Amino acid sequence: MASVRIAPYREFEPIAFSSTARVFVLTGAGVSAESGFSTFRDSGGLWEKHRIEDVATPEGWSRDRALVWQFYAGLRAQAATAKPNAAHHALAALEDEIGDRFFLCTQNVDDLHEKAGSIRIVHMHGELMKSRCERWPGCKQGPFPDTSLTTSIPSCPCGGYVRPHIVWFGEVPIELDRIGDELGACDFFVTIGSSGSVYPAAGFVSVVRARRHRGGARPIAVYVGPEAPDNAESFDECRLGNAGEAVPTLFAAIR
Ligand code: OAD
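Calculation rules
Residues numbered from 1 in each chain as written. Predicted model: local features only at pLDDT ≥ 70, side-chain atom pairs only at ≥ 80, totals over all residues. Heavy atoms only, no water. Near = heavy atom within 4 Å. Areas by Shrake-Rupley, 256 points an atom, 1.4 Å probe, with all protein chains shown as cover. Nonpolar A, V, L, I, M, F, W, Y, C, P; charged D, E, K, R; others polar. Domains from an automatic or database assignment. Pairing = 2+ DSSP bridges. Helix = DSSP H or I, 4+ residues; strand = E, 2+ residues; numbered from the N terminus. Contact = heavy atoms within 4.5 Å. Axes fitted to C-alpha atoms, helices over the stretch in contact; angles between N-to-C directions. Buried < 20%, exposed > 50% of the residue type's maximum accessible area, 1.4 Å probe, protein only. Salt bridge = Lys/Arg side-chain N within 4 Å of Asp/Glu carboxyl O. Phe/Tyr/Trp six-rings, centres within 6.5 Å; stacked < 30°, edge-to-face > 60°. Lys NZ or Arg CZ within 6 Å of the ring centre and 35° of its normal.

1. Re the site of the ligand
In the vicinity of the ligand lie 24 residues, with F40, R41, H125, S194 and S195 positioned nearest. Protein coverage of the free-state accessible area of the ligand, which is 790 Å², stands at 94%. When its residues are assigned to classes, the shell around the ligand shows 10 nonpolar, 10 polar and 4 charged. Two domains each put at least three residues into the shell around the ligand: domain 1 (5-37 + 83-125 + 174-249) and domain 2 (38-81 + 127-166).

2. With respect to the sheet that holds strand β5 (residues 126-133)
Sheets are built from strands that pair by backbone hydrogen bonding, the pairs being arranged parallel or antiparallel. Spatial ordering of the open sheet is given by β6-β5-β7, a layout of 3 strands whose pairing is antiparallel. Of all the strands in the sheet, just β6 (144-145) and β7 (162-166) have a single pairing partner and so form its edges. Pairing of β5 with β7 involves 5 bridges; the strand directions are antiparallel. Counterpart to E127 in the pairing with β7 is H165. Sheet strands in contact with helix α4 (residues 65-81) are β5 and β7, and its direction is about 135° off that of β5.

3. Concerning helix α7 (residues 176-185)
Owing to its 3.6 residues per turn, the α-helix brings residues three or four apart onto one side. Looking at α7, one finds that the buried residues are I179, E182, L183 and A185. At its buried positions, α7 is contacted by β2 (23-27), β3 (102-106), β4 (121-123), β8 (188-192) and α8 (204-210).

4. Considerations on the sheet that holds β4
Taken in spatial order, the 7 strands of this open sheet run β1-β10-β9-β8-β2-β3-β4, and their pairing is parallel. Both outer strands of the open sheet, β1 (5-8) and β4, are each paired with one neighbouring strand and no more. The sheet shows a mean angle of 15° between the axes of neighbouring strands, taken without regard to direction. Where β2 lies against β8, 5 bridges are found, and the strand directions are parallel. Of the residues in β8, the one forming a bridge with T27 is I192.

5. Quick look at the pattern of salt bridges
The full count for this structure, using the stated rule, is 13 salt bridges. Between D54 and R63 there is a salt bridge, with its nearest N and O atoms 3.6 Å apart. Classification of D54 as partly exposed rests on a relative accessible area of 22%. Here the salt bridges do not stand alone but share partners, grouping R51, D54 and R63 into one network.

6. Section: the pairing of strand β10 (residues 237-240)
Bridging between β1 and β10 involves 4 bridges; their strand directions are parallel. Counterpart to A7 in the pairing with β10 is R239. For strand β9 (residues 220-225) and β10, the ladder comprises 4 bridges, and the chain directions are parallel. Each bridged residue has a counterpart across the sheet, and for Y223 the counterpart in β10 is C238.

7. A short note on the packing of aromatic side chains
Inspection of every chain in the model, using the stated rule, returns 12 aromatic pairs. On the numbers, 6.3 Å between centres and 75° between planes, the contact of F24 with F204 is edge-to-face. One end of the pair, F24, is in strand β2; the other, F204, is in helix α8, with 180 residues separating them in the sequence. A residue is classified by how much of its surface remains accessible, and F24, at 0% relative accessible area, is buried. The buried category is assigned to F204, whose relative accessible area is 6%. For the ring pair Y223 and F235, a centre distance of 5.7 Å and an interplane angle of 65° mean the geometry is edge-to-face. Note that Y223 is positioned in strand β9 and F235 in the loop between β9 and β10, a separation of 12 residues in sequence. Assigned by exposure class, Y223 and F235 land together as buried. Cluster of aromatic residues (ring-pair linked, three or more members): F24, F103, F189, F204, Y223 and F235. A cation over a ring is seen here: R163 above W168, with NZ or CZ 3.8 Å from the ring centre.

Okay, here's the thing in structure tokens:
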């Protein structure tokens, strides 16, 4: 196995690529940390204050819908006033520069990438600003934009409850086929601010590294965050630093 280079981000050259190269960016909670959002697993993170079983599983929802709704209502209220940081803006600028050759997959449920101007984006774990009927697809009320800050659970006309459009543990992430296609086509795979502990996202880097690229070269895999993630060994480089500082200088194309 090739060895990973782990060093402060300033010690690396910006990523330069050809006019045909494709870039896949995976973001995690760390990209929103400097916009005021708690991550999940850092000290003081969300999973220290709330039990995953209670607020992020279908079983938790069945047991206590009010608790789950209020948990996400709190996050939604926070997201409503949060502002994108320099990392979100830098990714939107890169997309502006290279268009269809850019693809953004986020594990985050906030809308800070969209607020910064990102368009080619998949929220694989759902979106805070959407809700859906708990009986969907049995009920036709699929995901719909919902910015209401109500703390009581709305009902669906079908008689079910409306639930947050969030992928809970035990549920299947969104748009995995499209994500797989993009993983199969990228020349650069960049993960920003994710501990590398939740699958399938944590395994994307291995999918990319296992693939022999069109001409035989292997796509480059880069991690950006203040510390090396659990899956660091699968990356070519871990560029250590906060996203707000490291991402704006990451790509030669937008410097
Ligand atoms: P984690 O909380 O597991 O990891 C956050 C990562 O962000 C850590 O590796 C931190 O080192 C890093 N970090 C902290 N501050 C940062 C900064 N300023 N800039 C860059 N990185 C920073 O969050 P995720 O890996 O995103 O799933 O978690 C993955 C999934 O687990 C989430 O989508 C969520 C959670 O349970 C669901 O809810 C389904």
